[in-house]
Amino acid sequence: MKIGEAIIKRRSVRKYQSQPVPRELIGQVLEAATLAPSGKNAQPWEFIVLEGQEKDTIADMMEAGAEQLEAMSGSSGSVRNSARIIREAPVVIMVYNPRKREGAGPLQQVLWTVDTQSVGAAIQNLLLKAVELGLGSVWICNVLVAREQISTWLGREDEMIAAVALGWPAEEPAARPRKPWQQVTQWGRG
Ligand SMILES: Cc1cc2nc3c(=O)[nH]c(=O)nc-3n(C[C@H](O)[C@H](O)[C@H](O)COP(=O)(O)O)c2cc1C
């Protein structure tokens, strides 16, 4: 598959078949992730592959987080739907930045922004490789509502970035609308 085709075909998939994903394929998407560029080649990413009951624990913690949000503000947005996806997808990959976010000075802010962009590039590589392999995926930041509970349970003291659900798709979502590139681009200072 050409890269342009993968970019066009990629969708956030939120319904999955129950068949497991072979570890070999999980390895391939993770390898693609690690081929992403990163600031100073720091490669500020680590992945935790969860399946079965372990995955369900993440969903339980998100639902507890949703309950708290609902009690506080009357709504938990799309958190419960994301928890459902995590329960139903056969594989969930937790993405962490192993470089602790220390200090709040301007240099730390810059380093943190650089790292976050690097991890984003890795996640996008992962999603595109999944398309090539016929797998569905969705990038899930709603895990962050339970970041402390999940990180404690995983024994992580570093920074949770996101989760990616992965599996054989059980839906073919239509393309979500996009602003045309001309609308979001300015040539020169204008
Ligand atoms: C940083 C980021 C966080 C996201 N978090 C979630 C999430 O928590 N739950 C979810 O269902 N989708 C999540 N998405 C998927 C977006 O909703 C989706 O990419 C967007 O609606 C465009 O649809 P498409 O991916 O099918 O093109 C996230 C995407 C990104 C890039």
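Refer to the preceding data block for the structure.
None of the values given here were measured: they were computed from a predicted structure.

### Re the nonpolar core
Core analysis: the largest hydrophobic core is formed by 44 residues, its most contacted members being Met62, Ile86, Val95, Ala163, Ala165 and Leu166. Every element with two or more residues in this core is listed here: helix H2 (23-34), helix H3 (52-73), helix H4 (79-88), strand E2 (91-97), helix H5 (106-132), strand E3 (136-140) and strand E4 (159-167). For this core, the element with the most residues is H5, which contributes 8 residues. With residues near it in sequence (within four places) discarded, Val95 still touches Trp45, Phe47, Val119, Ile123, Ile161, Ala162, Ala163 and Val164.

### Section: the pairing of E3
The element E3 is extensively covered by neighbouring structure, given that 4 of its 5 residues are classed as buried. Relative to E4, E3 runs antiparallel, the two being bridged by 5 bridges. Across the sheet, the residue bridging to Ser137 is Leu166, located in E4.

### Some words on unusual backbone geometry
Even without glycine at this site, Lys40 takes up a positive phi of about 55 degrees. Locating Lys40 in the fold gives a position in the loop between H2 and strand E1 (46-50). Of the residues examined, Lys40 has 10 C-beta atoms within 10 Å and is grouped as exposed. Positioned with a positive phi, Asn41 is a non-glycine residue whose angle comes to about 55 degrees. As for its placement among the helices and strands, Asn41 is situated in the loop between H2 and E1. Among the residues examined, Asn41 registers 7 C-beta atoms within 10 Å and is labelled exposed.

### Some details on H5
With 27 residues, H5 extends 40 Å between its outermost C-alpha atoms, agreeing within 8% with the 39 Å of an ideal straight helix rising 1.5 Å per residue. The secondary structure elements touched by the buried residues of H5 are helix H1 (3-9), H2, E2, E3 and E4. In the stretch just after H5, Gly134 is the one whose phi turns positive, near 85 degrees.

### A look at the pairing of E4
With 7 of 9 residues buried, E4 is to be regarded as a mostly interior element. When E2 meets E4, the two strands line up antiparallel, connected through 7 bridges. Within E4, the residue paired with Val91 across the bridge is Leu166.

### Let's talk about the site of the ligand
All residues adjacent to the ligand are Arg11, Ser12, Arg14, Ser78, Ser82, Val138, Trp139, Ile140, Cys141, Asn142, Pro173 and Arg176. If one sorts the elements of the shell around the ligand by residue count, E3 sits on top with 3 residues. Of the residues assigned to the shell around the ligand, the class counts are 5 nonpolar, 4 polar and 3 charged.

### Things to note about the packing of H3 against H4
Their axes nearest at 8 Å, the elements H3 and H4 cross at an angle of 170 degrees. The angle between the axes of H3 and H4 places the two elements in the roughly antiparallel class. Note on element contacts: H4 touches H3 through Val79, Arg80, Ser82, Ala83, Ile86 and Arg87, opposite Lys55, Asp56, Ile58, Ala59, Met62, Glu63, Gly65, Ala66 and Leu69. In terms of residue class, the contact of H3 with H4 is built from 8 nonpolar, 2 polar and 5 charged.

### Some thoughts on the packing of H2 against H5
Two elements in contact, H2 and H5, have axes separated by 7 Å at closest approach and are oriented at 140 degrees. Here H2 is positioned oblique relative to H5, judged by the angle of their axes. Like other packed secondary-structure pairs, H2 and H5 cross with a definite hand, here right-handed. Along the contact surface, H2 presents Gln28, Val29, Leu30, Ala32, Ala33 and Thr34, while H5 presents Ala122, Ile123, Asn125, Leu126, Lys129 and Ala130.

Calculation rules
- Residues numbered from 1 in each chain as written.
- Predicted model: local features only at pLDDT ≥ 70, side-chain atom pairs only at ≥ 80, totals over all residues.
- Core = buried A, V, L, I, M, F, W, Y, C linked by C-beta atoms within 7 Å.
- Buried ≥ 20, exposed ≤ 12 C-beta atoms within 10 Å, placed from the backbone.
- Helix = DSSP H or I, 4+ residues; strand = E, 2+ residues; numbered from the N terminus.
- Contact = placed C-beta atoms within 7 Å.
- Pairing = 2+ DSSP bridges.
- Expected span 1.5 Å × (residues − 1).
- Near = placed C-beta within 6 Å.
- Nonpolar A, V, L, I, M, F, W, Y, C, P; charged D, E, K, R; others polar.
- Axes fitted to C-alpha atoms, helices over the stretch in contact; angles between N-to-C directions.
- Parallel < 35°, antiparallel > 145°, perpendicular 65-115°, else oblique.
- Left-handed = near helix turned anticlockwise from the far one by under 90°.

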